[in-house]
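# Observations on the three-dimensional arrangement
Spelled out, the chains give:
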Amino acid sequence: MDPKKEAEKLIEEMEAEKGITLDAEFREKLKNEIAEKIKSEIERKKREAKRKVEKEGEEYFIRFSLNIRLQHLTLAIGVILLIITGLPIKFHESKIAELFFDLIGGIQVSRILHRIGAAMLIFVSIWHTIYIAFTEEGRNEFKELLPRKKDFLDFWQNIKYMLGKTNERPKYGRYSYIEKFDYWAVYWGVVIMVLSGLILWFHNFFLGIFPKFVFDIAKEAHSDEAMLATLAIVIWHWYNAHFNPHIFPFNPTIFTGKISKERMIREHPLEYERIMKEKLTREEKSDER
Ligand code: HEM
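Source: prediction; values computed, not measured.

So, about the overall build of the protein. Per the secondary structure count, the protein includes 13 helices and 2 strands. Here the protein has a C-alpha radius of gyration of 31 Å; the compact-globule value for 289 residues is 19 Å, and the former is much larger. Based on the C-alpha atoms only, the size of the protein along its principal axes is roughly 110 × 60 × 45 Å. Across the 289 residues in the protein, those meeting the buried criterion constitute 29%. Pairs at least 24 residues apart make up 64% of the contacts formed inside the protein by residues separated by at least 6 positions. With the model as given, the accessible surface of the protein reaches about 20,300 Å², and the carbon-plus-sulfur share is 65%. The distance from the centre of the 46 positive side-chain charges to the centre of the 44 negative ones in the protein is 4 Å.

For the iron atom of the ligand, the full set of protein donor atoms is His114 (NE2) and His222 (NE2), at a range of 2.0 to 2.1 Å. Coordination at the iron atom of the ligand comes from 6 donor atoms whose angles at the metal span 87 to 178°, giving a geometry best classed as octahedral. With His114 in helix H5 (residues 107-134) and His222 in helix H10 (residues 212-243), this residue pair connects regions lying 108 residues apart in the sequence. His222 shares its class with His114; the two are buried.

This part covers the side chain of Ser65. Relative to the helices and strands, Ser65 is located in the loop between strand E1 (60-62) and helix H3 (66-90). Separated by 2.7 Å, the side chains of Ser65 and Glu137 make a polar contact. Each residue touching Ser65, except ones within four places of it in the same chain, is listed here: Tyr131 and Glu137.

The rules behind these values
Residues numbered from 1 in each chain as written. Predicted model: local features only at pLDDT ≥ 70, side-chain atom pairs only at ≥ 80, totals over all residues. Heavy atoms only, no water. Helix = DSSP H or I, 4+ residues; strand = E, 2+ residues; numbered from the N terminus. Rg over C-alpha atoms; globule rule 2.2 N^0.38 Å. Buried < 20%, exposed > 50% of the residue type's maximum accessible area, 1.4 Å probe, protein only. Contact = heavy atoms within 4.5 Å. Areas by Shrake-Rupley, 256 points an atom, 1.4 Å probe, with all protein chains shown as cover. Lys, Arg positive; Asp, Glu negative; His and termini not counted. Charge placed at Lys NZ, Arg CZ, Asp CG, Glu CD. Donors = N, O, S within 2.8 Å, 3.2 Å for Na, K, Ca; no water. Tetrahedral: all angles 85-135°; square planar, octahedral: opposite > 155°, others 65-115°. Polar contact = N/O pair within 3.5 Å; in protein donor to acceptor, adjacent residues only side chain to side chain.

Here it is as structure tokens:
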């Protein structure tokens, strides 16, 4: 409401309550003063609300370093390119594949793009190996991703929770068993796809040193694992990372590196507790000094 109208209403109420009529000049002065007070109160409340929103926005944690985010981006672009260009080669007789080849300029273009995607995948695999072998951050991340007994207990707890047998969800640390499974599925997938893909790519060379059945196995493995990898990414990974109702429609953490305090507490409570304890210890130590 307009502050002047609000002031007018207040004065009218006061006059009615006391049974008096104020002098016109005094009334106008009082109205302006009250309107001014209402205006500054509204401004104060607005500023307070803005500060509150800004403060809440500030409460986030850095979950992924730039290095991890760039590795993930390269992997994601490479794999999407491999899927888009590989599946039409596998199903080349289908109408969709024909349409796709018409769109990009033929199957030969698809084969070249597939090799570019393959180069990206090999590049990011080497990058990741160097990262976990030679950097402290990489070694720590790798240790966090190793499967532990707790992951199996968490899995069991989650099944019970989803079946309504318990109200308690498993409490995850930095990585849940779901995320660990994702990570190790990529390891497995990359080894199979790169080895079999190299045999297909440099078939003349490999047919010179291995019998033909090795080539046949590589082709079969590449073709089947491609389907498994595609379904694992679209169903398992995209559901857990983006389409899960808690997160839908999009989870920006792997692109921005940031996770909100609220999501941190809900999805990684043990990691949250660890970070807060470390923060407290640091603060206590600096107070002692
Ligand atoms: C997630 C990763 C990958 C997916 C989903 C994928 C998918 C596919 C599919 C579906 C095919 C068709 C197979 C068939 O004819 O039945 C194919 C062919 C092929 N892939 Fe991959 N691939 C991947 C990674 C790689 C890698 C890493 C390499 C090389 C190192 C590679 C090299 C090849 C080659 C050379 C062919 C034969 C294509 C041609 O006829 O020229 N692929 N890929």
